[in-house]
Amino acid sequence: MALNYNIKAEKGSTFILHLNYQNDAGTDVDLIGGGYTAEMHIRRHENSSTPLLKFISTNAGVGVFGSGGVTAGVSGGSGGIRLNATYTGGFSAGMSGSTGGIYIEADPSTMKNVPTGQHFYEIDIIQGSTILRLLEGRFEVLGNIRQWN
C-alpha cells in the first residue's frame, strides 16, 4: 500500500524531491542492480488520462538526465528521475548501487508550464511487469508574481 504524502512546489522554480527506498528489514534497495525503473505522474484530477508532468528514470539512473526524462504537456524541459542517487542527485565514485535513493528533479522552465493549484501525483517503482506504488497524494503548485514569457 502506498504512503500518502502531500507535496508543495513553486511555479517557475526548480523542483527537487529525494526518497530513500528500503526493504522491510530497513536495508537500502539496489535499484540499478535490481533492474528497476521509476515513474512519477502529476495529474490535474485523479482520473485524468493525460499527466501535467511525467517523470521517468533515464539511463538506469546513471549520469545526467536524458531527453524525455520529464515532460510537461507539449513543452518539456530537463529533469527526470535518477535511481540510487544521493540526496543532491549525484553519484559517488565506485558507488556499489545500493543507496536506495530516488532523486526527482524538474528545471524552472518545465515548472513554469505547470498550472497553479492542487493536483494529484503518484510515484511508482517498476521491476519487470511488477508495479509498486510508493507514494501518492496532492501536488500543490504555488504561483508567484513573476511573469513567464
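Placed above this text is the structure.
Focus: the overall build of the protein
Scanning the protein from terminus to terminus reveals 1 helix and 10 strands. Secondary structure elements of the protein occur, N-terminal to C-terminal, as β-β-β-β-β-β-β-β-α-β-β. Nonlocal contacts in the protein, meaning residues at least 24 apart in sequence, comprise 60% of its contacts between residues at least 6 apart. With an accessible surface of roughly 8100 Å², the protein has 50% of that area assigned to carbon and sulfur atoms.

Focus on the side chain of Glu122
Within the secondary structure, Glu122 is located in strand S9 (residues 117-127). Engagement of the side chain of Glu122 in a polar contact is seen with the side chain of Arg133, the distance being 3.4 Å. Setting aside residues no more than four positions away along its own chain, Glu122 makes contact with Glu39, Met40, His41, Arg133, Leu135 and Glu136.

Comments concerning the environment of Leu17
Locating Leu17 in the fold gives a position in strand S3 (residues 15-20). In this structure the C-alpha to C-alpha distance between Leu17 and Ile102, which are 85 residues apart in sequence, comes to 8.1 Å. In this structure, Leu17 is in contact with Ile7, Ile102, Tyr103, Ile104 and Ile123, ignoring residues within four places of it in sequence.

Notes on the packing of aromatic side chains
Under the definition given, this model contains 3 aromatic pairs. Aromatic side chains Phe15 and Phe139 sit 5.3 Å apart centroid to centroid with 75° between the ring planes, which places their arrangement in the edge-to-face category. Highlighted residues: Phe15 in strand S3 and Phe139 in strand S10 (residues 130-142), separated in sequence by 124 residues. The class for Phe15 is buried, based on a relative accessible area of 4%. Accessibility expressed as a relative area gives 0% for Phe139, which makes it buried.

Digging into the pattern of salt bridges
One pass over the full model with this rule turns up 3 salt bridges. Glu136 is the partner of Arg133 in a salt bridge, and the nearest nitrogen-oxygen pair spans 3.8 Å. Glu136 sits in the partly exposed class, given a relative accessible area of 30%. Linked through salt bridges whose partners overlap, the residues forming this network are Glu122, Asp124, Arg133 and Glu136.

Looking at the sheet that holds strand S7 (residues 79-83)
A sheet is described by the order of its strands in space; here 3 strands give the open sequence S3-S8-S7, paired in antiparallel fashion. Lying at the two open borders of the sheet, with one neighbouring strand each, are S3 and S7. Neighbour-to-neighbour, the strand axes of this sheet turn through a mean angle of 10°, independent of strand direction. Bridge count between S7 and strand S8 (residues 101-106): 5 bridges; the pairing is antiparallel. Residue pairing across strands places Gly80 opposite Glu105, the latter belonging to S8.

Definitions and limits used
Residues numbered from 1 in each chain as written. Predicted model: local features only at pLDDT ≥ 70, side-chain atom pairs only at ≥ 80, totals over all residues. Heavy atoms only, no water. Helix = DSSP H or I, 4+ residues; strand = E, 2+ residues; numbered from the N terminus. Contact = heavy atoms within 4.5 Å. Areas by Shrake-Rupley, 256 points an atom, 1.4 Å probe, with all protein chains shown as cover. Polar contact = N/O pair within 3.5 Å; in protein donor to acceptor, adjacent residues only side chain to side chain. Phe/Tyr/Trp six-rings, centres within 6.5 Å; stacked < 30°, edge-to-face > 60°. Buried < 20%, exposed > 50% of the residue type's maximum accessible area, 1.4 Å probe, protein only. Salt bridge = Lys/Arg side-chain N within 4 Å of Asp/Glu carboxyl O. Pairing = 2+ DSSP bridges. Axes fitted to C-alpha atoms, helices over the stretch in contact; angles between N-to-C directions.

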